[in-house]
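# Remarks on the overall topology
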Amino acid sequence: MATATKTKPAPAAASRIKPESNGGTDWRAEVLEQEKKRVPSLVLQQQHLEKMDSLLPELDIPVREYGDLKRDGYVELYRLLFLIREVEARLTRLYRQGKIVGGVYLSKGTEAIAIGSGFSLKRGTDWLFPMHRDLGAHLAFGQRPFKLYAQYMGRAEGPTKGRDGNTHMSDRHLQIIGMISHLGSMIPVAVGAAIGSRLQGKNAVALTYIGDGGASIGDFHEGLNYAAVANAPFVLIVENNQYAYSTPIIAQYGAARIIDRAPGYGIPGEIVDGNNVFAVYETCKAAVDRARNGGGPTLIEAVTMRMRGHSEHDDHFYVPKELLAKWAERDPLPRAQRFLEETGYLKEKARLELEAKTVEYIEAEIALAEQSPVPSTDDLEESAFYSTHKKWRTD
Amino acid sequence: MAVMTYIEGISAGLREEMRRDPRVYIMGEDVGIYGGAFKVTKGFLDEFGPDRVYDTPLAESAIMGVGIGCALTGLRPVIEFQFADFITSAFNQVVNNLGTMYYRSNMPCPVTIRCPSGANVHGGPFHSQNPETWFVHTPGLKVVAPSTPYDAKGLIVAAIQDDDPVLYFEHKFLYRRIKEDVPEESFIVPIGKADLKREGSDLSVVCYGAAVHLALEAADKLQQEGISVEVLDMRSLYPYDKEAIARTVKKTGRVLIAHEDFLTAGCGAEFAAFIGQECFEMLDAPVIRAASMDVPFPFSSVLEEHMVLTTAKVESALRKLAQF
């Protein structure tokens, strides 16, 4: 096969072509077709849009009242949604001020999943295994923002006391187990926590998350298969935010939906609008209740869109702007806000008061975190083993 | 006292701990109705029931992850990897998740991992390996390797009672080949303490696992020629008994390190480096090592014998050391 010398393609021409140059025909479509031939990433983007469009009709249901939530429950879910949005906004600012150690991975646009699912668990009983974009789940499960900020700043009062970073936060007292960076690794561990609790007669459920990318990893299969065989009280939520770093779902899995795998394990699979916090809550609550009553594991796919880059140093250029615009309309926060307004659960005045109080609370928590000392290096060498490390044992 | 084989020592220790502590349970492939590929848990299912002797799907990474999760809830799982070689499929769970669990979460993770390892069972490249060094190199994991029925029982009990993760490398070749009197009552062999298997004054062999028996045989042969060889069984590879190494170096001034694992960057390299750094002035000769060749384990007996550490190789290394 002859190899042609490849020349570097000219920069995208679309914006430089004037409308009149094509005599009134649909020049935009034509230019796009030409561009797609030249730039394969555009083909990928187009295929991605088509795949997402096929999923949307299933999800596009209006926000409405659900199951067992009372007025206070709806208001609390809204407060948590607002809290995580603000907590992360301040996190970004602290990051730009150079006060954060390491990277920042935000959940902007996808918060409803972490909030709705975290809120569906029983504090003090259940086990939560959050992923890196589930800061909201820590909060919905009872963690204080102060602890999160101290962790991000690498301070002594962060849950890992500066030993591990970012969202790898465990909390023994809350039964939150922090992830490791190897995505999917916590799935079997969460299954183990579910089985271990049951073996000791505790009626606890373990819930964990994975992204659309992490769902490709072997532990996803091994963990779900194990959970199914053991009928473990376990819930796995796939946060399908459409991109694993820059890789779109079209390059990630061949099935139409990730929950299409559930029948293969012999377990139920539920798909839910990940931008509707009340729907996420209801779906998760049903799965958690089923697990608690001996009904075994559930695979939930919550479809959403990551509205920022993989992390704060990623400019997100690979996502078509029209897709972002489409999902901006589905932003979970205003959707919940409108619902509360319409139902009268939280009118504008009360909402603004709640929001102001929340912002005040966050500021106080950040101040506390900033006062937290840096960790002592005294006990670092013995800190790999519980049996030699005395300091944390009395915590 | 009862005469036990090495494998009976493991079973006895396991059974004893399961009877004593209801938090202890066993999980792995075929550990239940079959009693384990080597029958270590034969009869356990009937005695302890399916909640405590748990047949898992064929999925090493999940087995390890589930074990970690169970330990976090307060149980003390003993995980059997059918062959130590298969631990590679759970490498991430062991090294990254288990090894860092206490460090990053403040939660003890008392998992015991049983790894049937070692050569001379005609297993070829994937049923004969000694992968202990990978884990010795990982902070947060303890590693032991018993060489006798007494140690097999005492170390499995110590491993289960330890609040940290312990990898227990049991040598398949020793399972039914060695016997000794083992107390029927409870005892532990503390992790981190070596055992002076044989006293001597001219040369020292620092070794562990199956290599201990090769060293003892070689020492017997050299004794007939008037060369007195001391044999130090390390028993624990991490943490390891630095004092015991220093004592034997001080006594003989000539050290051979012998293990069945591959030569390059095996545990012996660590022991040699320790001696070089901390015991240099006590040495009368360079520290030398005898180990298996750096090639995958061969299937054919002829090839395996050529490749693996043998009594003859230990003996010849000792003669070289004596002549230095």
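Refer to the structure printed above.
To start, this report covers the structure provided alongside it. (Residues numbered from 1 in each chain as written. Chains lettered and ligands numbered in written order. Predicted model: local features only at pLDDT ≥ 70, side-chain atom pairs only at ≥ 80, totals over all residues. Heavy atoms only, no water.)

### A few points about the sheet that holds strand 2 (residues 206–211) of chain A
Residue and element names in this part refer to chain A. One open sheet holds the five strands; their spatial order is 1-2-3-7-6, and the pairing between them is parallel. Among the strands making up the open sheet, the edge pair consists of strand 1 (127–129) and strand 6 (269–273). Within this sheet the neighbouring strands show an average axis-to-axis angle of 20°, counted without direction. Taken together, the six bridges between strand 3 (residues 234–240) and strand 7 (residues 298–303) define a ladder with parallel strand orientation. Opposite E239, over in strand 7, you have A302 as the bridge partner. Along the sheet, helix 7 (residues 186–199) contacts strand 1, strand 2 and strand 3; its crossing angle with strand 2, the most-contacted strand, is approximately 170°. (Pairing = 2+ DSSP bridges. Helix = DSSP H or I, 4+ residues; strand = E, 2+ residues; numbered from the N terminus. Axes fitted to C-alpha atoms, helices over the stretch in contact; angles between N-to-C directions. Contact = heavy atoms within 4.5 Å.)

### Topic: the packing of helix 3 (residues 71–96) of chain A against helix 6 (residues 145–152) of chain A
Residue and element names in this part refer to chain A. Orientation of helix 3 relative to helix 6, taken along the N-to-C sense of each, is 25°, at an axis distance of 12 Å. Accordingly, the angle class assigned to the pair helix 3 and helix 6 is roughly parallel. Crossing hand, helix 3 versus helix 6: right-handed. Between helix 3 and helix 6, the contacting residues are L83, E86, V87, R90, L91 and L94 on the first element and P145, Y149 and Y152 on the second. A class-by-class count of the residues in the contact of helix 3 with helix 6 yields seven nonpolar, no polar and two charged. (Parallel < 35°, antiparallel > 145°, perpendicular 65-115°, else oblique. Left-handed = near helix turned anticlockwise from the far one by under 90°. Nonpolar A, V, L, I, M, F, W, Y, C, P; charged D, E, K, R; others polar.)

### So, helix 7 (residues 149–161) of chain B
All names here are of chain B. Relative to the 18 Å expected for 13 residues at 1.5 Å per residue, helix 7 spans 18 Å between its end C-alpha atoms, a close match to the ideal helical length. Counting buried positions over the 13 residues of helix 7 gives 11, a clear majority of the element. Along helix 7, the residues that are buried comprise P149, D151, A152, K153, G154, L155, I156, V157, A158, A159 and I160. (Expected span 1.5 Å × (residues − 1). Buried < 20%, exposed > 50% of the residue type's maximum accessible area, 1.4 Å probe, protein only.)

### A few points about the pattern of salt bridges
If charged atoms from side chains of opposite charge come close, those side chains can pair. Under the definition given, this model contains 39 salt bridges over all chains. Between A:D260 and A:R257 there is a salt bridge, with the nearest N and O atoms lying 2.9 Å from each other. On the basis of relative accessible area, A:D260 is assigned to the partly exposed category, the value being 33%. Here A:R257 falls in the partly exposed class, since its relative accessible area comes to 21%. A salt bridge links B:E16 to B:K153; its shortest N-O distance comes to 3.0 Å. One end of the pair, B:E16, is in helix 1 (residues 6–20); the other, B:K153, is in helix 7, with 137 residues separating them in the sequence. B:K153 shares its class with B:E16; the two are buried. Taken together, the salt bridges that share partners define one network made up of B:D151, B:D195, B:K197, B:D233 and B:R235. (Salt bridge = Lys/Arg side-chain N within 4 Å of Asp/Glu carboxyl O.)

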